[in-house]
Amino acid sequence: MDAVLALYQSQPFWLWLVIGCLILAIEAASGTEWLLWPAVSAGIVAIITLLAPNMGLPIEVVIFAVLTLATTLASRRLIRRVNPDGPDINDRARSLIGARAEVTHPFVDGRGRVTVSGSEWLADIEGDAPPVGGSVTVEAVDGSRLRVKP
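Residues numbered from 1 in each chain as written. Predicted model: local features only at pLDDT ≥ 70, side-chain atom pairs only at ≥ 80, totals over all residues. Heavy atoms only, no water.

A.B. asks: Tell me what's going on with the nonpolar core, and back it up with residues and numbers.
C.D. replies: Formed by 14 residues in total, the largest nonpolar core has its most connected members in Phe107, Val114, Val116, Val136, Leu146 and Val148. Those elements giving two or more residues to this core turn out to be strand S1 (100-108), strand S2 (111-116), strand S3 (119-125), strand S4 (135-142) and strand S5 (145-149). Apart from the residues lying within four places of it in its own chain, the contact partners of Leu146 are Leu96, Val114, Val116, Trp121, Leu122, Ala123, Asp124, Val138, Ala140 and Val141. Ranked by size, the runner-up nonpolar core spans 10 residues in total, among them Tyr8, Leu15, Trp16 and Ala42. (Core = buried A, V, L, I, M, F, W, Y, C linked by side-chain atoms within 4.5 Å. Buried < 20%, exposed > 50% of the residue type's maximum accessible area, 1.4 Å probe, protein only. Helix = DSSP H or I, 4+ residues; strand = E, 2+ residues; numbered from the N terminus. Contact = heavy atoms within 4.5 Å.)

A.B. asks: For the side chain of Thr49, give the residues involved together with the corresponding values.
C.D. replies: Within the element layout of this structure, Thr49 appears in helix H3 (residues 36-51). Side-chain polar atoms of Thr49 contact the backbone nitrogen of Phe13, separated by 3.4 Å. Excluding anything up to four places from it in sequence, Thr49 contacts Pro12, Phe13, Trp16, Met55 and Glu60. (Polar contact = N/O pair within 3.5 Å; in protein donor to acceptor, adjacent residues only side chain to side chain.)

A.B. asks: How would you sum up the sheet that holds S5? Please name residues and give values.
C.D. replies: Read around the closed barrel, five strands run S1-S2-S3-S5-S4, paired in mixed fashion. Strand-to-strand twist in this sheet, taken as the mean axis angle between neighbours without regard to direction, amounts to 50 degrees. Bridge count for S1 against S2 is four bridges, and the pairing is antiparallel. Residue pairing for S2: Val103 is matched across the bridge by Val114. (Pairing = 2+ DSSP bridges. Axes fitted to C-alpha atoms, helices over the stretch in contact; angles between N-to-C directions.)

A.B. asks: Break down a nonpolar patch on the surface for me, citing the residues and quoting the values.
C.D. replies: A contiguous nonpolar patch, built from Leu24, Leu36, Val40 and Ile44 and spanning about 270 Å² of accessible area, is present on the exposed surface. Here the nonpolar patch takes three residues from H3, the largest share from any one element. Along the chain, Val40 falls in helix H3. Judged by its relative accessible area of 33%, Val40 is partly exposed. (Patch = residues over 30% accessible without salt bridge, like charges linked within 9 Å, V, L, I, M, F, W, Y side chains within 5 Å. Areas by Shrake-Rupley, 256 points an atom, 1.4 Å probe, with all protein chains shown as cover. Salt bridge = Lys/Arg side-chain N within 4 Å of Asp/Glu carboxyl O.)

A.B. asks: Run through the pairing of S3, naming residues and quoting values.
C.D. replies: The sheet contact formed by S2 and S3 spans six bridges and is antiparallel. The partner of Arg111 across the bridge, within S3, is Asp124. Connecting S2 to the next strand, S3, in antiparallel fashion are two residues, including Ser117 with a positive phi near 55 degrees. Here S3 pairs with S5 via four bridges, running parallel. Bridge pairing in S5 links Leu122 to Arg145.

A.B. asks: Give me the lowdown on the pattern of salt bridges, citing residues and values where you can.
C.D. replies: Side-chain pairs of opposite charge can arise where the charged atoms are in close proximity. Applying the stated rule across the entire model yields five salt bridges. The salt bridge involving Glu120 is made with Arg113; its shortest N-O contact spans 2.5 Å. Here Glu120 falls in the partly exposed class, since its relative accessible area comes to 38%. Arg145 is paired through a salt bridge with Asp124; the nearest N and O atoms lie 2.9 Å apart. Taken together, the positions of Arg145 in strand S5 and Asp124 in strand S3 put the pair 21 residues apart, joining distant regions of the chain. Judged by relative accessible area, which is 18%, Arg145 ranks as buried. Three or more residues are tied together by salt bridges with common partners; here these are Arg111, Asp124 and Arg145.

So, in structure tokens, the structure goes:
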């Protein structure tokens, strides 16, 4: 911990840059697209500390928090303006609607299993179901179950 404090006191820029890179690495590993904005905010704080190195940690943390909030809200507005009718890119379940799925386990009494987008899901179907290996279309998502049609 002393090494981190010594680094911060001598070069706050590097500490904020490391924080931004760590957040960005977590974002790259998880793919949520929500951690991108805190990573960008940490990078901006790094640049600010390069230009004004004696601000102090409390002020830098406040700037980071405000920037994170502002960039996240701005990105949500931008996404809605660019894609007003599309689903939230982070709502995986909603993005499955309309997708083609493959039957992996036979439907018995309207219930079976399908694979869609590389994941296996429980599925419900009304009427005749295709055999294993057949194709269905996702109509809706009910929690952890898909409602499909032939």
